[in-house]
Amino acid sequence: EAPQLRARGEPVQVLQLMGRGDSASWEEAREPLFREVDTEENRLLGGSPSRRPPGVGPGITFAAEIGHRILASTRAHSSSAGAAGESELETLRIGLVPFGVGGTAMEAWAPGAPLFDVMMAQVEAGLGAARRGGGGQDVPL
């Protein structure tokens, strides 16, 4: 099971989609997030001159922060509604569908452009993996 981030005592799991199509599954998020998608093939599709390997970014930390804010908001709402404890989440899972390709122009991501189509197929794979519990993780939609 993915380790929990407990920066504020609130359990947040950050997962990422790995694999493609029906073989896609949710796994513990780790850097570099884009190691499977920032490939030479996708760089060529997007017209990128970059040959740098994918690096480390703020994605995991950002997702964890969003998770902490969701938990805090949920708890505040529960307390103000007088239902303390009823809707507290044991663990909040945040699922990332990484798809970034270094050095590509925004036009490469426009609807109908090659990278847009590849990205949307990966989003669909993520939804499918969440529905079937791919990777043994319960990632809410």
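Residues numbered from 1 in each chain as written. Predicted model: local features only at pLDDT ≥ 70, side-chain atom pairs only at ≥ 80, totals over all residues. Heavy atoms only, no water.

## Digging into the side chain of Asn42
Here comes step 1: For Asn42, the position within the fold is in helix 1 (residues 40–45).
Here comes step 2: When sequence neighbours within four positions are dropped, the list of residues in contact with Asn42 reads Arg20, Val37, Phe99, Val101, Leu115 and Val118. (Helix = DSSP H or I, 4+ residues; strand = E, 2+ residues; numbered from the N terminus. Contact = heavy atoms within 4.5 Å.)

## With respect to the pattern of salt bridges
Here comes step 1: In the structure shown here, the tally under the stated rule is one salt bridge.
Here comes step 2: Between Glu65 and Arg69 there is a salt bridge whose closest N-O contact spans 2.8 Å. Of this pair, Glu65 and Arg69 are both found in helix 2 (residues 59–80), four residues apart, which corresponds to roughly one turn of the helix. (Salt bridge = Lys/Arg side-chain N within 4 Å of Asp/Glu carboxyl O.)

## A short note on the nonpolar core
Here comes step 1: By size, the foremost hydrophobic cluster in this structure holds 11 residues: Val12, Val14, Ala29, Leu33, Ile60, Ala63, Ala64, Leu71, Leu92, Ile94 and Leu96.
Here comes step 2: Mapped by element, the contributors of at least two residues to this core are strand 1 (12–18), helix 2 and strand 3 (92–96).
Here comes step 3: With four residues, helix 2 is the single largest residue contributor to this core.
Here comes step 4: The next biggest cluster of nonpolar side chains, apart from the first, holds seven residues, and it includes Leu15, Trp26, Ala125 and Ala130. (Core = buried A, V, L, I, M, F, W, Y, C linked by side-chain atoms within 4.5 Å. Buried < 20%, exposed > 50% of the residue type's maximum accessible area, 1.4 Å probe, protein only.)

## Concerning helix 2
Here comes step 1: Its 22 residues place the ends of helix 2 32 Å apart at the C-alpha level, agreeing with the 32 Å of an ideal helix rising 1.5 Å per residue.
Here comes step 2: Of the positions making up helix 2, those classed as buried are Ile60, Ala63, Ala64, Gly67, His68, Leu71 and Ser78. Each buried residue of helix 2 lies within a common arc of 140° when the element is viewed along its axis, so the set occupies one face. Relative to its buried face, helix 2 has exposed residues pointing more than 90 degrees away, namely Thr61, Phe62, Arg69, His77 and Ser80. (Expected span 1.5 Å × (residues − 1). Arc of directions from axis to C-beta.)

## Description of the environment of Ile60
Here comes step 1: One can find Ile60 in helix 2.
Here comes step 2: A C-alpha to C-alpha distance of 9.7 Å links Ile60 and Pro32, two positions 28 residues apart in sequence.
Here comes step 3: Those residues in contact with Ile60 that sit more than four places away from it in its chain are Val14, Ala29, Arg30, Glu31, Leu33 and Leu96.

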